[in-house]
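What follows is the residue order along each chain.
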Amino acid sequence: MEKLRIAVQKSGRLQEKTVALLKECGLSFSNGPNRLKADAFNFPAQILYLRDDDIPQYVQDSVADVGIVGENVFVEKNKKVALVEKLDFARCRLSIAVPKSTEYTGTGFLNGKKIATSYPFIVNRFLKENNIEAEIHEISGSVEIAPGIGLADAICDIVSTGSTLLGNGLSEVETVMKSEAVLVSNEYLNKEKRLILDKLIFRIKSVKTAKNNKYLLLNTPNDSIEAITKVLPGMRSPTVTPLKEEGWSSLHSVVNEDDFWNKIDQLKALGAQGILVIPIEKMIL
Ligand code: ATP
Ligand code: ZN
């Protein structure tokens, strides 16, 4: 029987959440730090632990069938692999930063300057799009120290909170791209592997949707049920059951994380009481 070979980062910022996602999708496998690969016990898959930078190449070359990497790495490596699903974690951005004392006047400032980065392909594309001629200085790590030691006038690197930049006396001036973890796939999977992948994608979507939603229970005076239902359409419509106390009901529904607090405020204003919010593990639409 075929197995889907899934490449994941061996260690680093993606590792823990990638393994957690696969486990939430029901795959059980061992994730010892010294392993190169592990078979899932209960799903036709094999996990390969690799350096994230190598994953796009390995997926292109069919060493692995699919892989989980940062979108930044997927774009930078520019391999023939397909992006099949965004995964909602490891969110960060690739940004241009310059020393704080620099008077930055817009992208034109970068003309004729030296930019240090580990992402030459992405930076090159950005410069072309903005009609800028600049010199790219490729370095593989500690990019943020380059301006301080006179190696570059600007950098392009991963930013999440910006505290590393600040600590190095840099300020962020342009966002070049936004990134999150993504599932990428070889473009020529056979039928059997494609079916396994579809199964995995279905599970990933259910886990993602569940994370973006909460199960909500509340008590409401019967006169407010109509109005509350308008605020909370739920998956189909809310479940309403009478309370023992005359004139009151219990109402159950699902709410989206996006406008969650907004909805809670509206529900309170409509007279809802005893609001309980419960995480959802899986949500099948
Ligand atoms: P490897 O040893 O596998 O080559 P690495 O050092 O290249 O790892 P990490 O620092 O582990 O890479 O980052 C992996 C990915 O995680 C990045 O490519 C990016 O997509 C994402 N990432 C990096 N920094 C952050 C951050 N601060 N917040 C969120 N996501 C991040
Ligand atoms: Zn790496």
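Cut-off values and rules
Residues numbered from 1 in each chain as written. Chains lettered and ligands numbered in written order. Predicted model: local features only at pLDDT ≥ 70, side-chain atom pairs only at ≥ 80, totals over all residues. Heavy atoms only, no water. Phe/Tyr/Trp six-rings, centres within 6.5 Å; stacked < 30°, edge-to-face > 60°. Buried < 20%, exposed > 50% of the residue type's maximum accessible area, 1.4 Å probe, protein only. Lys NZ or Arg CZ within 6 Å of the ring centre and 35° of its normal. Helix = DSSP H or I, 4+ residues; strand = E, 2+ residues; numbered from the N terminus. Disulfide = S-S within 2.5 Å. Donors = N, O, S within 2.8 Å, 3.2 Å for Na, K, Ca; no water. Tetrahedral: all angles 85-135°; square planar, octahedral: opposite > 155°, others 65-115°. Domains from an automatic or database assignment. Contact = heavy atoms within 4.5 Å. Buried area = accessible area lost by both parts, 1.4 Å probe. Pairing = 2+ DSSP bridges. Axes fitted to C-alpha atoms, helices over the stretch in contact; angles between N-to-C directions.

What about the packing of aromatic side chains?
Here is step 1 of the chain: Taken as a whole, this structure holds two aromatic pairs when the rule is applied.
Here is step 2 of the chain: With centroids separated by 5.1 Å and ring planes inclined at 80°, the aromatic side chains of Phe260 and Trp261 adopt a geometry described as edge-to-face.
Here is step 3 of the chain: By relative accessible area, Phe260 is classed as buried at 7%.
Here is step 4 of the chain: If you follow Lys23 out to its NZ or CZ, it ends over the ring of Phe29, 4.8 Å from the centre.

Examining unusual backbone geometry
Here is step 1 of the chain: Residue Ser62 is not a glycine yet carries a positive backbone phi of 65°.
Here is step 2 of the chain: Positionally, Ser62 belongs in the loop between helix H2 (55-60) and strand S4 (66-70).

Re the state of the cysteines
Here is step 1 of the chain: A complete count under the given rule lists zero disulfides for this structure.
Here is step 2 of the chain: Sulfur of Cys92: no disulfide; nearest cysteine sulfur belongs to Cys156 and is 11 Å away.
Here is step 3 of the chain: Residue classification places Cys92 among the buried residues on the basis of a relative accessible area of 19%.

Remarks on the coordination of the zinc ion (ligand 2)
Here is step 1 of the chain: The protein atoms donating to the zinc ion (ligand 2) are Asp52 (OD) and Asp53 (OD), with metal-donor distances spanning 1.9 to 2.1 Å.
Here is step 2 of the chain: Each of the four donor atoms around the zinc ion (ligand 2) contributes to a set of angles spanning 76 to 166°, which defines the coordination as irregular.

Comments concerning the domain arrangement of the protein
Here is step 1 of the chain: With domains assigned, the protein is organised as domain 1 (4-89 + 181-210), domain 2 (92-179) and domain 3 (213-279).
Here is step 2 of the chain: Taking only C-alpha atoms into account, the centre of domain 1 sits 30 Å from that of domain 2.
Here is step 3 of the chain: Every contact between the two is made by six residues of domain 1 and, on the other side, 11 residues of domain 2.
Here is step 4 of the chain: Across the domain 1 to domain 2 interface the summed buried area is about 720 Å²; carbon plus sulfur atoms make up 58%.
Here is step 5 of the chain: On the domain 1 side of the interface with domain 2, the three residues burying the most area are Asn72, Val75 and Glu76, jointly 74% of the side's total.

Observations regarding the sheet that holds strand S9 (residues 154-159)
Hydrogen bonding along the main chain pairs the strands of a sheet, whether they run parallel or antiparallel.
Here is step 1 of the chain: Ordered by their spatial adjacency, five strands build an open sheet running S8-S7-S9-S6-S10, and the pairing between neighbours is mixed. Strands with a single pairing partner mark the edges of an open sheet, and in this sheet they are strand S8 (135-138) and strand S10 (170-179). Pairs of neighbouring strands in the sheet enclose a mean axial angle of 25°, with direction left out of account.
Here is step 2 of the chain: Where strand S7 (residues 114-117) lies against S9, three bridges are found, and the strand directions are parallel. Residue Ile115 lies in a different strand from S9, and its bridge partner there is Ala154.
Here is step 3 of the chain: Docked against the sheet, helix H4 (residues 120-129) engages strand S6 (92-99), S7, S8, S9 and S10, running at close to 170° with respect to S8.

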